[in-house]
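# Close look at the chain arrangement
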Amino acid sequence: MLAKLQKLGKSLMLPVATLPAAGILQGLGLIDYQKDIPLGALGGFLNHYVTPFMTSGALAILDNLPFIFAIGVAIGFAGDAVAALSAFIGYMVLTKVLAQVPLQMPFIPDDVKLNMGVLGGFFVGLWSAFLYNKYHNIKLPDWLGFFAGKRFVPIITAASTMVLAVLIGMVWSPVQDVIADFGNWVVGLGGIGSFVFGTANRLLIPLGLHHVLNSIAWFQIGDYTNAAGEVVHGDLWRYFAGDPSAGMFMSGFFPIMMFAMPAAALAFIHTAKPSKRKLVGSIFIGSAVASFLTGITEPLEFGFMFVAPVLYVVHAILTGLSGLIMYMLDVHLGFTFSAGLIDYLVNMKLSTNAWLLIPVGLAFGVVYYFLFRILIVKMNLRTPGREDDTEEESSDAGAGTSAGAGTASKESKAAKVLQNIGGADNITSIDACITRLRLVVKDDKAVKDSELKKLGASGVMRLGQGAVQIVFGPQAESIKDEIKKMI
């Protein structure tokens, strides 16, 4: 079950990866280049001829998120263009049939609008992938041979989705009411809801299941009717549609990712053994800069979540507390990628009380630095650079390799990674998300954790059924690509 949930989490990364494009276009399109940035005549030209196209480009992505999720989930589970095409067809069938159900069913009022939103995209993507995996090799009689194999998949997807859409439509009205009530209840919890979400988000990072939780909060919880009369769902979607109350599931990450995690990195450096500070610093400084600019925190978090779990639990609770505080201060910030400086600046136009991020973030930075430093010293935690002598030697090799990884070619590093995951014969499938190499291997005992850490891996996780994740930070995608070329 955990391995299957991991696959769902991985498949969600593809549609989520389209959001930064929408965020950048939306952010730049909302700027008044005469008032916000006094560019004079050039600003007038940009306002009249450029920004409308930017806004339209952003809405083209945001308004079609269910389609994007249907296709992305299908690709994630099936990995074939035919599955993606089937998902697109399936979602069109779903929406058209759902629109007809209230008109044809006497027990459903005609004015009811059935809308499955992004959940509909999830459902169709999963269904299309299931049908592809089941029927892409189907054999038919010779006189129907043209429709055999992969060409059968879109046909069976369209036909079966039509039937399922009718059945789902007959019961979806009360279901969507329950979902809406639940979403409004969670939003009504205010700061408490932000606290619970922030804490749970960080606690799910080691399992890679935070993407599933995020997708529910960011694309399903809460409703907002925009100026065109369209109802949008989810914290992220509502934020970019102009809902001034949105952002409660995003705002709290900014102080943590921009200030707290870099401060934690400084605490790790200062508490390392004097002989190891330079090596530890070479690893954590780069990760701290990445956290501040882009909001990518996993390379930092995996550096201590397993060797000092008490620190990680503290980190999770403080992340929830950050969400609570930002809510109480009426700070509304949003992002399309992560809560780093880039998203902060690009999306500031839609924010509320964004300036409060600076003092709140600095306060969290101070708390993280001193609290982490005190806990590390008082509890003698074996954070990086504080290992026992035998572990220290392994750490030296790992840190040295990590520090010098930039001088080695990606090809040579990928070749060493391939060797230490058991070689090409051990790989059933390989993929990557933003920071993780996601593998399914025949024998997970052939994956050598210590050697991979020497190559710069922050952590290695075994999830059952041969599912293994290796955290390499932003290099994960390029390593995956090089390994695929080699095998």
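Since the model is a prediction, treat every value here as computed from it, not as a measurement.

Turning our attention to the packing of aromatic side chains. Enumeration according to the criterion identifies 23 aromatic pairs in this entry. Between Phe45 and Tyr49, the ring centres sit 5.2 Å apart and the planes meet at 40 degrees, which makes this aromatic pair tilted. Within this pair, Phe45 and its partner Tyr49 are both found in helix 3 (residues 40-49), separated by 4 residues, close to a single helical turn. Taken together, a centroid distance of 5.3 Å and an interplanar angle of 85 degrees make the contact between Phe146 and Phe147 edge-to-face. For Phe146, a relative accessible area of 58% corresponds to the exposed category. Site record: aromatic cluster; members linked through ring pairs are Phe197, Trp218, Phe249, Phe253, Phe254, Phe335 and Tyr344. Across from the ring centre of Tyr135, 5.7 Å away, lies the NZ or CZ of Lys134, which sits over that ring. Its guanidinium or amino end placed over the ring of Phe146, Arg151 lies 4.7 Å from that ring's centre, counting from NZ or CZ.

Before going further, it helps to spend a moment on the pattern of salt bridges. Under the counting rule described, the total for this entry stands at 10 salt bridges. Arg462 serves as the salt-bridge partner of Asp449, at 2.9 Å between the closest nitrogen and oxygen. Linking Asp449 in helix 20 (residues 449-454) with Arg462 in strand 5 (residues 459-462), this pair joins segments that are 13 residues apart in sequence. A residue is classified by how much of its surface remains accessible, and Asp449, at 26% relative accessible area, is partly exposed. Under the relative-accessibility criterion, Arg462 is labelled partly exposed at 35%. Several salt bridges share partner residues, and in doing so they unite Asp235, Arg238 and Asp243 into one network.

For the rest of this paragraph, the subject is the nonpolar core. With 98 residues, the main nonpolar core has Trp218, Phe219, Leu311, Tyr368 and Phe372 as its most contacted residues. Here this core gets 14 residues from one element, more than from any other, and that element is helix 12 (residues 253-271). If near-sequence neighbours (up to four positions away) are discounted, Phe372 is found in contact with Ala264, Ala267, Phe268, Phe304, Leu311, Val314, His315 and Val367. The next biggest cluster of nonpolar side chains, apart from the first, holds 21 residues, and it includes Ile421, Ala432, Ala457 and Val460.

The 4 strands are arranged 3-4-6-5 in an open sheet whose pairing can be described as antiparallel. The sheet terminates laterally at strand 3 (427-432) and strand 5, the two strands that pair on one side only. Recorded for the sheet is a direction-independent mean angle of 15 degrees between the axes of neighbouring strands. Sheet topology places strand 5 next to strand 6 (residues 467-471); 4 bridges connect them, and they run antiparallel. Among the inter-strand pairings, Arg462 is bridged to a residue of strand 6, identified as Val468. Contacting strand 3 and strand 4 (436-441), helix 21 (residues 476-486) crosses the sheet at an angle of about 145 degrees to strand 3.

This part is about the packing of helix 2 (residues 19-29) against helix 4 (residues 51-62). How two helices sit against one another is set out by the angle between their axes and by the gap between those axes. Between helix 2 and helix 4, the least distance of the axes is 8 Å, while the angle of their chain directions is 150 degrees. Comparing the axis directions of helix 2 and helix 4 gives the class roughly antiparallel. Once helix 2 is placed against helix 4, the crossing between them reads as left-handed. Here Leu19, Ala21, Ala22, Leu25, Gln26, Leu28 and Gly29 of helix 2 come into contact with helix 4, specifically with Thr51, Met54, Thr55, Gly57, Ala58, Ile61 and Leu62. Class assignment for the residues of the contact of helix 2 with helix 4 results in 9 nonpolar, 5 polar and no charged.

A separate point is the confidence of the model for the protein. Across the protein, pLDDT averages 84, with 92% of residues at or above 70. Segment residues 390-410 is flagged for pLDDT under 50; beyond a separation of four residues in sequence, or across chains, it makes 24 contacts in the model.

Here Asp330, not a glycine, exhibits a phi torsion of approximately 60 degrees, which is positive. With respect to the secondary-structure elements, Asp330 resides in the loop between helix 15 (309-328) and helix 16 (341-346). Here the phi dihedral of Asn353 falls at roughly 55 degrees; this positive angle occurs in a residue that is not glycine. If you trace the backbone, Asn353 turns up in the loop between helix 16 and helix 17 (357-378).

Turning to the packing of helix 9 (residues 191-203) against helix 15, a few remarks are in order. One way to put it is that helix 9 packs onto helix 15 with a least axis distance of 7 Å and a crossing angle of 150 degrees. Relative to helix 15, the element helix 9 is oriented roughly antiparallel. Both helix 9 and helix 15 take part in a crossing whose hand is right-handed. The residues of helix 15 that touch helix 9, namely those facing Gly191, Ile192, Ser194, Phe195, Gly198, Thr199, Arg202 and Leu203, are Tyr312, His315, Ala316, Ile317, Thr319, Gly320, Leu321, Gly323, Leu324 and Tyr327.

What counts, and where the lines are drawn
Residues numbered from 1 in each chain as written. Predicted model: local features only at pLDDT ≥ 70, side-chain atom pairs only at ≥ 80, totals over all residues. Heavy atoms only, no water. Phe/Tyr/Trp six-rings, centres within 6.5 Å; stacked < 30°, edge-to-face > 60°. Helix = DSSP H or I, 4+ residues; strand = E, 2+ residues; numbered from the N terminus. Buried < 20%, exposed > 50% of the residue type's maximum accessible area, 1.4 Å probe, protein only. Lys NZ or Arg CZ within 6 Å of the ring centre and 35° of its normal. Salt bridge = Lys/Arg side-chain N within 4 Å of Asp/Glu carboxyl O. Core = buried A, V, L, I, M, F, W, Y, C linked by side-chain atoms within 4.5 Å. Contact = heavy atoms within 4.5 Å. Pairing = 2+ DSSP bridges. Axes fitted to C-alpha atoms, helices over the stretch in contact; angles between N-to-C directions. Parallel < 35°, antiparallel > 145°, perpendicular 65-115°, else oblique. Left-handed = near helix turned anticlockwise from the far one by under 90°. Nonpolar A, V, L, I, M, F, W, Y, C, P; charged D, E, K, R; others polar. pLDDT = per-residue confidence, 0-100.

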